[in-house]
Amino acid sequence: MSTTTFEEQAPPAPAPAPAPVAVRPRRSRRGRLGPGRPVPYGWAIGPALLLALWAAGSGLGVFDARALPAPWTVAATAGDLIESGKLQSHLGTSAQRALLGLLFGVAAGLVLALVSGLSRIGEALIDGPVQIKRSVPSLALIPLLILWFGIGETMKVVTIALGVLVPVYIHTHNGLRTIESRYPELAETVRLGRFAFVRHVVLPGALPGFLLGMRFAVTSAWLALVVVEQVNATSGIGYMMELARTYGQTDVIIVGLVVYGLLGLVSDALVRLVERRALSWRRTLAG
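K.L.:
So what's going on with the overall build of the protein chain? Residues and values would help.
P.N.:
When its secondary structure is counted, the protein chain shows 11 helices and zero strands. Helices (α) and strands (β) of the protein chain occur, in sequence order from the N terminus, as α-α-α-α-α-α-α-α-α-α-α. Counting every position in the protein chain, which comprises 287 residues, the buried fraction comes to 33%. Pairs at least 24 residues apart make up 73% of the contacts formed inside the protein chain by residues separated by at least 6 positions. Carbon and sulfur atoms make up 65% of the accessible area of the protein chain, which amounts to about 19300 Å² in all.

Structure representation (structure tokens):
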């Protein structure tokens with residue numbers, strides 16, 4: 001038998017490491033397809049653009065001064081109303097009506113949504129009438145409300161509350177019904193009581209829908225206020241505008257419209273601020 005010897009071979013030399021290649025970081029999917037970063041003071045850009053177009057049209061004579069006074073004319077009129085104290089007085093009355101209607105409407109809408117959202121019997125009793133009210137404009141209810149409550153402040157507050165109730169109910173009820181079923185099952189597993197279940201599961205789960213409903217509710221409150229303040233009112237922004245229409249004071253009417261617009265814009269901004277703070281844990285396209 002012959003034996004064969006193998007020579008030990010030296011290990012091969014390591015290959016030289018490749019030169020580092022600069023890799024361009026890919027943009028995240030959110031940054032590539034999303035709306036982008038928030039624009040500073042973006043909420044003011046649209047109104048500022050409208051104001052600039054209004055001023056340009058008035059300066060170039062595009063708008064008839066009798067039909068649409070120039071911004072500086074409206075500003076001078078607003079200054080006169082503020083100096084005389086009329087604007088503050090009317091604004092205080094309007095704000096009080098809107099706030100009372102908003103409080104009663106939000107409370108009623110929230111309670112009805114909880115009863116309807118947590119009980120099938122409650123839903124059968126409540127959801128239908130609310131949907132009927134949703135399809136009936138508040139303006140159509142004013143003759144009936146006048147017969148029931150008269151033409152005083154009660155009718156005005158009730159009209160505003162009915163306009164506020166619907167969006168709060170609709171969006172809160174939807175938020176309740178979209179809570180994932182695993183959370184009630186988990187609450188039953190850990191033996192949570194009814195009150196604790198509502199506090200720790202139901203209310204946090206319905207909060208996004210409720211806050212969305214609040215954005216619609218504050219707008220509905222101001223819209224209803226415009227209507228009711230033209231029904232036998234003796235004060236308020238709507239009354240001031242109706243009186244100005246009688247005397248052909250277009251500039252005063254524009255002042256009232258601007259006040260209504262600013263009230264709606266500020267109210268919506270406050271609700272959005274609360275929404276961002278309360279729902280800071282959510283990652284959405286809004287940033």
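K.L.:
Mind laying out the side chain of Ser 235, listing which residues take part and the relevant values?
P.N.:
Positionally, Ser 235 belongs in the loop between helix 9 (194-228) and helix 10 (237-246). Classification of Ser 235 as buried rests on a relative accessible area of 17%. Setting aside residues no more than four positions away along its own chain, Ser 235 makes contact with His 90, Thr 93, Arg 97 and Glu 229.

K.L.:
Mind laying out helix 2 (residues 45-59), listing which residues take part and the relevant values?
P.N.:
Here helix 2 contains 15 residues, and its C-alpha end-to-end distance of 21 Å stays within 8% of the 21 Å for a straight helix at 1.5 Å per residue. Among all positions of helix 2, only Trp 54, Gly 57 and Ser 58 are buried. Seen along its axis, helix 2 keeps its buried residues to an arc of 100 degrees; they face one direction. Turned more than 90 degrees from where helix 2 packs its buried face, Leu 49 and Gly 59 sit exposed. Against the buried residues of helix 2 lie helix 3 (71-84) and helix 11 (250-278).

Rules behind the numbers
- Residues numbered from 1 in each chain as written.
- Predicted model: local features only at pLDDT ≥ 70, side-chain atom pairs only at ≥ 80, totals over all residues.
- Heavy atoms only, no water.
- Helix = DSSP H or I, 4+ residues; strand = E, 2+ residues; numbered from the N terminus.
- Buried < 20%, exposed > 50% of the residue type's maximum accessible area, 1.4 Å probe, protein only.
- Contact = heavy atoms within 4.5 Å.
- Areas by Shrake-Rupley, 256 points an atom, 1.4 Å probe, with all protein chains shown as cover.
- Expected span 1.5 Å × (residues − 1).
- Arc of directions from axis to C-beta.

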